[in-house]
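Coordinate analysis (summary)
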Amino acid sequence: MQNNLTVHTMPHPISLEEVSPTGVAKIEGLDLSQPISAKQVGAIRQALLQFPVLVFRGQSLSKEQQAKFSENFGELEGHIGKLSDGSTFPTVHTLTNLNAEGNLINMDVAKLNYFWHTDKSYHAVPAFVTILHALEIPPSGGDTQFANTRLAYDALPTALKTRLVGLKAVHDWVASRLNSGTSPATEDQKQARPPVTHPLVRTHPDTGKKALYLGVHVSHIDNMASAESASLIAELTEHIGQERFVYTHCWRKDDVVMWDNRCLLHRALPNYEIARYPRVLNRTVIIGSAPA
Ligand code: SIN
């Protein structure tokens with residue numbers, strides 16, 4: 001299905017094809033390992049406003065090339081998480097179930113990724129886009145899902161939208177590890193990432209559209225009794241996860257997927273034989289702006 005509006009704004013030789021009504025498009029005609037022009041960057045930015053998930057197939061990228069492509073969209077984010085050997089994630093880091101010797105491991109940090117989340121929401125200034133490049137993919141499964149929280153917000157009953165006005169959620173690295181059953185935050189991490197508060201409904205700075213903003217990093221709704229807060233979070237999370245808002249990306253080697261964290265939740269699916277097949281993706285995250 002072609003989306004004529006956006007196709008016409010794509011500078012030659014780029015083409016854009018809508019692949020899901022949940023806000024997903026495929027872009028062709030670009031080699032992301034090479035520098036791209038300001039016009040092309042502008043076209044990708046424009047496309048993201050309409051399609052918060054963009055897929056580029058057949059991209060062969062080194063880490064340096066991924067960093068260069070990512071820097072077109074802003075400043076690269078550092079990471080608080082630790083690799084399986086205890087070292088800090090580099091800016092372009094690898095999500096993998098292989099250890100340094102190339103053996104399959106049960107990667108503790110991956111657990112958190114199996115829950116709906118939006119990247120770095122435990123920061124005062126969370127992520128704008130995340131970019132994943134698939135290096136090695138299992139023969140089936142190992143998918144990533146994206147839930148469009150702008151569509152999910154739009155579909156809420158008016159009474160619930162009214163109830164959400166002015167509510168804020170506390171996002172906390174410590175809580176997110178507890179919520180996901182991942183190994184507890186270290187004392188250093190607790191110091192480095194104190195809890196932050198964001199609106200439960202955020203307004204996209206570029207489109208002006210509202211989207212639900214929550215996920216596994218949320219500990220509770222500010223100034224709300226804990227049972228009510230837990231029940232509201234569960235209700236909204238269930239609503240967001242409905243099939244009509246969700247796109248499942250079935251990875252191919254050399255796919256690049258970039259997404260706008262400001263109006264999406266995402267999660268990895270443990271729907272493959274994790275102890276049998278490698279799943280290796282390089283990841284970059286671009287710093288966004290404080291939610292409002
Ligand atoms: C992420 O949560 O950023 C990564 C998702 C994935 O591994 O598919």
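Residues numbered from 1 in each chain as written. Predicted model: local features only at pLDDT ≥ 70, side-chain atom pairs only at ≥ 80, totals over all residues. Heavy atoms only, no water.

1. A short note on the pairing of strand 5 (residues 127-136)
Of all 10 residues in strand 5, eight are buried, a share of seventy percent or more. Where strand 5 and strand 15 (residues 280-287) come together, seven bridges link them in antiparallel fashion. Residue A134 lies in a different strand from strand 15, and its bridge partner there is L281. (Buried < 20%, exposed > 50% of the residue type's maximum accessible area, 1.4 Å probe, protein only. Helix = DSSP H or I, 4+ residues; strand = E, 2+ residues; numbered from the N terminus. Pairing = 2+ DSSP bridges.)

2. Observations regarding the sheet that holds strand 14 (residues 264-268)
Read across the sheet, three strands follow the order 12-6-14 without closing on themselves; strand pairing throughout is antiparallel. Of all strands in the sheet, those bounded by a partner on one side alone are strand 12 (246-249) and strand 14. Averaged over neighbouring strand pairs, the angle between their axes works out to 20° when direction is ignored. (Axes fitted to C-alpha atoms, helices over the stretch in contact; angles between N-to-C directions.)

3. Let's talk about the confidence of the model for the chain
Model confidence for the chain is summarised by a mean pLDDT of 92, while 92% of its residues fall at 70 or above. Note on residues 1-8: pLDDT is under 50 here. Beyond four places in sequence and across chains, it has 14 contacts. (pLDDT = per-residue confidence, 0-100. Contact = heavy atoms within 4.5 Å.)

4. Concerning the site of the ligand
In the neighbourhood of the ligand, the contacting residues comprise L95, N113, H117, D119, T144, H266, A268, R279 and R283. H117 has a polar side-chain atom sitting 2.9 Å from an oxygen atom of the ligand. One of the side-chain N or O atoms of R279 is found 2.7 Å from an oxygen atom in the ligand. Contact with the protein chains hides 99% of the accessible area of the ligand, taken as 260 Å² for the molecule alone. In this structure the site holding the ligand corresponds to the largest pocket. Taken together, the residues of the shell around the ligand break down into two nonpolar, four polar and three charged. (Near = heavy atom within 4 Å. Polar contact = N/O pair within 3.5 Å; in protein donor to acceptor, adjacent residues only side chain to side chain. Areas by Shrake-Rupley, 256 points an atom, 1.4 Å probe, with all protein chains shown as cover. 1 Å grid on protein atoms, 1.4 Å probe; cavity = no way out; pocket = protein on both sides within 12 Å on 5 of 7 lines; lining within 4 Å. Sits in = over half its atoms within 2 Å of the grid points. Nonpolar A, V, L, I, M, F, W, Y, C, P; charged D, E, K, R; others polar.)

5. Focus: the environment of T94
Relative to the helices and strands, T94 is located in strand 4 (residues 93-96). Under the relative-accessibility criterion, T94 is labelled buried at 19%. When the C-alpha positions of T94 and K63 are compared, they lie 9.2 Å apart, and in sequence the two are 31 residues distant. For T94, the residues in contact, after removing those within four places along its chain, are K63, V280, L281 and N282. Within the local environment of T94, its side chain forms a polar contact with the side chain of K63, the two groups lying 3.2 Å apart. Among the polar contacts made by the side chain of T94, one reaches the side chain of N282 at a distance of 2.7 Å.

6. So, the pattern of salt bridges
For the structure on display, the rule yields 10 salt bridges. For the salt bridge of E28 with K26, the shortest nitrogen-to-oxygen distance reads 3.5 Å. You can call E28 partly exposed: its relative accessible area is 39%. A salt bridge links K253 to D254, with the nearest nitrogen and oxygen atoms 3.7 Å apart. On the accessibility criterion, D254 (18% relative accessible area) is buried. Because the salt bridges share partners, they merge into one network encompassing E17, K26 and E28. (Salt bridge = Lys/Arg side-chain N within 4 Å of Asp/Glu carboxyl O.)

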